[in-house]
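Structural description and commentary
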Amino acid sequence: RRSGQYTMNHENSKKTPDGAPFDRTGSQDSLDELSMDDYWKELENIHETRGNNHEEQEALVVKEPDEGELEEEWLKEAGLSNLFGETGDSLESMVFLSTLTRTQKAAVEKRVETVTQTMRKKNKQYQVPDVRDIFRLQSDSKGKVCDGSEPSTVRTFENKNETQDEAKGPKFSLGADDRTSPLEDTRLSETAINLEISFAEQAANLKDSSVGKMCKGGRDDTLLPNFKLPKDKTGTTKIGDLAPQDMKKVYSLALIELTALYDILGTEFKQQKAAKIKTKDSGLFGVPLAVLLEQDQKKVPGTKTPLIFQKLISQIEEATLETEGLLRIPGVAARVKSLCQELEAKFYEGTFNWENVKQHDAASLLKLFIRELPQPLLTVEYLKAFQDVQNLPTKKQQLQALNLLVLLLPEANRDTLKVLLEFLQRVIDHRDKNKMTLKNVAMVMAPNLFTFHGFGSKSIEQSEFVMAAGTANVMRFMIQYQKLLWTIPKFIVNQVRKQNTESQKKEKKDKAMKKLLKKMAYDREKHEKQDKTPNDADVPQGVIRVQAPHLSKVSMAIQLTEELKAADVVARFLSQKSGSVQTLKREEVFLYEKGGNIGERCLDDDTYMKDLYQLNPNAEWVIKPRNS
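Because the structure is a prediction, the values reported are computed rather than measured. (Residues numbered from 1 in each chain as written. Predicted model: local features only at pLDDT ≥ 70, side-chain atom pairs only at ≥ 80, totals over all residues. Heavy atoms only, no water.)

Quick word on the overall build of the protein chain
Of regular secondary structure, the protein chain possesses 26 helices and nine strands. In the protein chain, the share of contacts with a sequence separation of at least 24, taken over all contacts with a separation of at least 6, comes to 78%. Put simply, the protein chain shows about 30,200 Å² of open surface, and 49% of that area lies on carbon and sulfur atoms. (Helix = DSSP H or I, 4+ residues; strand = E, 2+ residues; numbered from the N terminus. Contact = heavy atoms within 4.5 Å. Areas by Shrake-Rupley, 256 points an atom, 1.4 Å probe, with all protein chains shown as cover.)

The structure is reproduced here in structure tokens:
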């Protein structure tokens, strides 16, 4: 195996470029339609750069998992490992399972069944629960019994219990309401992205229907639909808006949802795993992202992307983005290698002379930085899943899968990818001058993100021929729809709210039991009620109390109206100036929803406050600068 070579298990290796037929999907239709010249030229440049680099690197090899190991790892990633004798709160898992949709439950059941059978074969000592018992157990706790039939027929428990919970608090739509008709929604607009209904539920309802076939990508695959997000009155939630404890729940739900979507669409979803290798613990190129950020944050606290990555982008932009062939025309390989070595020695000392760096060399260094990461920017775990997006039947489903995959990336990878995609869009914005269209940029960048560490052997290059147009199209999707991809679907946020609500109910029961057992000399419960009464009485119905500790006006009662938005609340505070001078600008402060059924959530300006209040009546409202 060539030094520094990354091997990936491609299912496409059975497809050969000698004219043998293969199953074309919407993305692959464009294999003949799009000019692939830029892609192959970029691949040649990559091989040339590697040929000049004789530095030895340890090979990164993907491990082939044992039977059941993949599913067991999946359950751990989804936060459900305590179902199999691992330490942890199994009741917490039951709360989690109770919020899943029908298709999500089916995906969990499928993996549980595989692990169960594997463990029985291996004669594990601890008792393995029957898959049906897991879901029956959580329904029994609510006074309902699941029939334990086929996974696809498992109904959602949130719908069963809506009637008994109606009076207790807000209802959450989790995307599995049988009374709605997804077909009607599809006819309404094929370009509207529905974030309120689970993607897998939408796919299940469209499967084998005439509408589902109608939505398939047409022959002219070079045209990308103008996908739009319908306005949500309770506000759009972006990555970075939620507190870390809620983002952990989002990760677990996104993993289960993506798996359910791939299951419904008949596409295999397997997380890859790399064997541990030695990596550099200092320097610039070939250093893990986490290590780079750790050393960079000592110099610039709070930075979210590597300093060298930021500097290379700014260096390219300083010279003007109108340069013809930007990103496509490579720098001189020998000069790029020399600059790379000089940067390693002088970048952190601040003695590197950036005036010597030509624009095309800076672009080549940027692409080299991405390629030389010890693990791909899209991660070993999910690189193949990103590639397999091209195999999904419709463009909308491809976009939905990419949305979920972005949610699954580690924070450092996701932040770096975001900065890269924003830069690529700025390059495309100057396409009239630089001749770099969306298609051109995607063709040039796809090999740098998807053909990690070379793929040097002939067999892999043959597989790459089939993969080329598909990965270029995935790259186009990521650039074109980047704003949509960084949105957290509402149905997932609602599932997080539901989990938090159920967990709070459980905590209250536990506290009540402890109080009964602990008979104190004074009545703590009455004392707490006395403390709370003045505050509750201070805020009449239809009014919220907003806190703004960083502003001159620190608190204000706001009357809720149908048209009141989050931006109006912030503006009202900023207009109230007292003795102290306002130091915070409008774009620096945001209204936050805190507590109730959410940890913390930064609100977008167009959030209708009355609608959100009805969704989370127990929340506190705080105006503050955005969390770093």
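There is more to say after this.
Topic: helix α20 (residues 438–450)
Since the α-helix advances by 3.6 residues per turn, residues separated by three or four positions end up pointing in the same direction. Taking 1.5 Å of rise per residue, the 13 residues of α20 would be expected to cover 18 Å, and the 17 Å separating its terminal C-alpha atoms lies within 8% of that figure. The largest bend in α20 comes to about 30 degrees, at Val444, with the proline Pro447 one to four residues further on. Extensive coverage of α20 is indicated by the burial of 12 of its 13 residues. Within α20 the residues assigned to the buried category are Leu438, Asn440, Val441, Ala442, Met443, Val444, Met445, Ala446, Pro447, Asn448, Leu449 and Phe450. (Expected span 1.5 Å × (residues − 1). Bend = angle between axes of the 7 residues up to and from the residue. Buried < 20%, exposed > 50% of the residue type's maximum accessible area, 1.4 Å probe, protein only.)

What to know about the packing of aromatic side chains
For the coordinates displayed, the defined rule picks out 11 aromatic pairs. Look at Phe347 and Trp354: their rings are 6.4 Å apart centre to centre, the planes differ by 85 degrees, and that puts the pair in the edge-to-face class. Each member of the pair, Phe347 together with Trp354, is buried. Seen in terms of ring centroids, Phe352 and Trp354 are 4.8 Å apart; in terms of plane orientation they differ by 70 degrees. Their pairing is edge-to-face. Taken individually, Phe352 and Trp354 each receive the classification buried, so the pair is uniform in this respect. Within the aromatic cluster, the residues linked to one another by ring pairs are Phe347, Tyr348, Phe352 and Trp354. For Arg111, the ring lying beneath its charged end belongs to Trp74, and the centroid distance is 5.6 Å. Above the ring of Tyr592, the side-chain terminus of Lys624 is found at 4.6 Å from the ring centroid. (Phe/Tyr/Trp six-rings, centres within 6.5 Å; stacked < 30°, edge-to-face > 60°. Lys NZ or Arg CZ within 6 Å of the ring centre and 35° of its normal.)

What about the sheet that holds strand β9 (residues 620–625)?
Reading across from one edge, β6-β5-β9-β7-β8 is the order of the five strands in this open sheet, with mixed pairing throughout. The sheet is open, and its two edges are formed by β6 (555–559) and β8 (598–602), each paired on a single side. Across the sheet, the mean angle from the axis of one strand to that of its neighbour is 25 degrees, orientation sign disregarded. As judged from the four bridges shared by strand β7 (residues 589–595) and β8, these two strands associate in the antiparallel manner. Across the sheet, the residue bridging to Glu593 is Arg601, located in β8. Strand contacts of helix α25 (residues 566–574): β5 (543–547), β6, β7 and β9, with the helix running at about 115 degrees to β7, the strand carrying the most contacts. (Pairing = 2+ DSSP bridges. Axes fitted to C-alpha atoms, helices over the stretch in contact; angles between N-to-C directions.)

What to know about the nonpolar core
As a rule of thumb, nonpolar side chains are buried together in soluble globular proteins. Counting residues in each nonpolar core, the largest one holds 124 residues, and the members touching the most others are Leu327, Leu424, Leu449, Phe450, Met475 and Met478. With 11 residues, helix α11 (residues 244–264) is the single largest residue contributor to this core. With sequence-adjacent residues up to four places away left out, Leu327 is seen in contact with Glu42, Ala363, Lys367, Phe423, Leu424, Val427, Met436, Val441 and Val444. (Core = buried A, V, L, I, M, F, W, Y, C linked by side-chain atoms within 4.5 Å.)

Some words on the packing of helix α9 (residues 199–206) against α11
The geometry of α9 relative to α11 is characterised by a closest axis approach of 8 Å and an angle of 15 degrees between their N-to-C directions. What the angle tells us is that α9 and α11 run roughly parallel. Taken as a pair, α9 and α11 cross one another with a handedness that is left-handed. Where α9 abuts α11, its residues Phe199, Ala200, Ala203 and Ala204 lie against Glu257, Ala260, Leu261 and Ile264. Broken down by class, the residue content of the contact of α9 with α11 amounts to seven nonpolar, no polar and one charged. (Parallel < 35°, antiparallel > 145°, perpendicular 65-115°, else oblique. Left-handed = near helix turned anticlockwise from the far one by under 90°. Nonpolar A, V, L, I, M, F, W, Y, C, P; charged D, E, K, R; others polar.)

Thoughts on the environment of Ile256
Tracing the backbone shows Ile256 in helix α11. Of the residues examined, Ile256 reaches a relative accessible area of 0% and is grouped as buried. Separated by 179 residues in the primary sequence, Ile256 and Glu77 have C-alpha atoms spaced 9.4 Å apart.

Here we look at unusual backbone geometry
Not every positive phi belongs to a glycine, and Leu327 is a case in point at roughly 80 degrees. Locating Leu327 in the fold gives a position in the loop between α13 (307–318) and α14 (333–346). Residue Lys435 is not a glycine yet carries a positive backbone phi of 60 degrees. Among the structural elements, Lys435 can be located in the loop between α19 (431–434) and α20. Owing to a relative accessible area of 47%, Lys435 belongs among the partly exposed residues under this scheme.

Quick word on the pattern of salt bridges
Opposite charge on two side chains makes pairing possible when the charged atoms of those side chains draw close. One pass over the full model with this rule turns up 23 salt bridges. Salt-bridge contacts for Lys280 lead to Glu344; the nearest nitrogen and oxygen are separated by 3.4 Å. One end of the pair, Lys280, is in the loop between α11 and α12 (289–299); the other, Glu344, is in helix α14, and 64 residues separate them in sequence. By relative accessible area, Lys280 is classed as partly exposed at 32%. For Arg335, the salt bridge goes to Asp361, with nearest N and O atoms at 2.5 Å. (Salt bridge = Lys/Arg side-chain N within 4 Å of Asp/Glu carboxyl O.)

A few points about the environment of Ile558
With respect to the helices and strands, the residue Ile558 is situated in strand β6. Remark: the alpha-carbon pair of Ile558 and Arg545, spanning 13 residues in sequence, is separated by 6.2 Å. Leaving out residues up to four positions away in the same chain, Ile558 has contacts with Gly542, Val543, Ile544, Val546, Leu564, Val569 and Arg572.

Focus on the pairing of β8
Along β8, four of the five residues are buried, which leaves the element largely enclosed by surrounding structure. Counting the residues that bridge the hairpin from β7 to β8 gives two residues, and of these Gly596 lies at a positive phi of roughly 70 degrees.

What to know about the pairing of β5
Pairing analysis gives five bridges linking β5 to β6, with the strands arranged antiparallel. Bridge pairing in β6 links Ile544 to Ile558. Across two bridges, the pairing between β5 and β9 is parallel. Pairing of Val546 across the sheet is with Trp621, part of β9.

Here's the deal with helix α17 (residues 395–408)
Spanning 14 residues, α17 covers 20 Å between terminal C-alpha atoms, matching the ideal 20 Å at 1.5 Å per step. Counting buried residues along α17, 14 of its 14 residues qualify, which places the element largely inside the surrounding structure.

Structural notes on the confidence of the model for the protein chain
Of all residues in the protein chain, 68% have pLDDT values of 70 or greater, and the mean over the chain is 78. Note on residues 1–34: pLDDT is under 50 here. Beyond four places in sequence and across chains, it has 80 contacts. Here residues 454–460 is modelled with pLDDT under 50, and outside its nearest four sequence neighbours on either side it reaches 13 contacts, counting other chains as well. (pLDDT = per-residue confidence, 0-100.)

Considerations on the environment of Leu408
Within the secondary structure layout, Leu408 lies in helix α17. The class of Leu408 is buried, set by a relative accessible area of 2%. C-alpha of Leu408 to C-alpha of Leu253: the two residues are 155 residues apart in sequence and 9.7 Å apart in space. Ignoring any residue separated from it by four or fewer positions in sequence, one finds Leu408 in contact with Tyr251, Ala254, Leu255, Leu258 and Tyr382.

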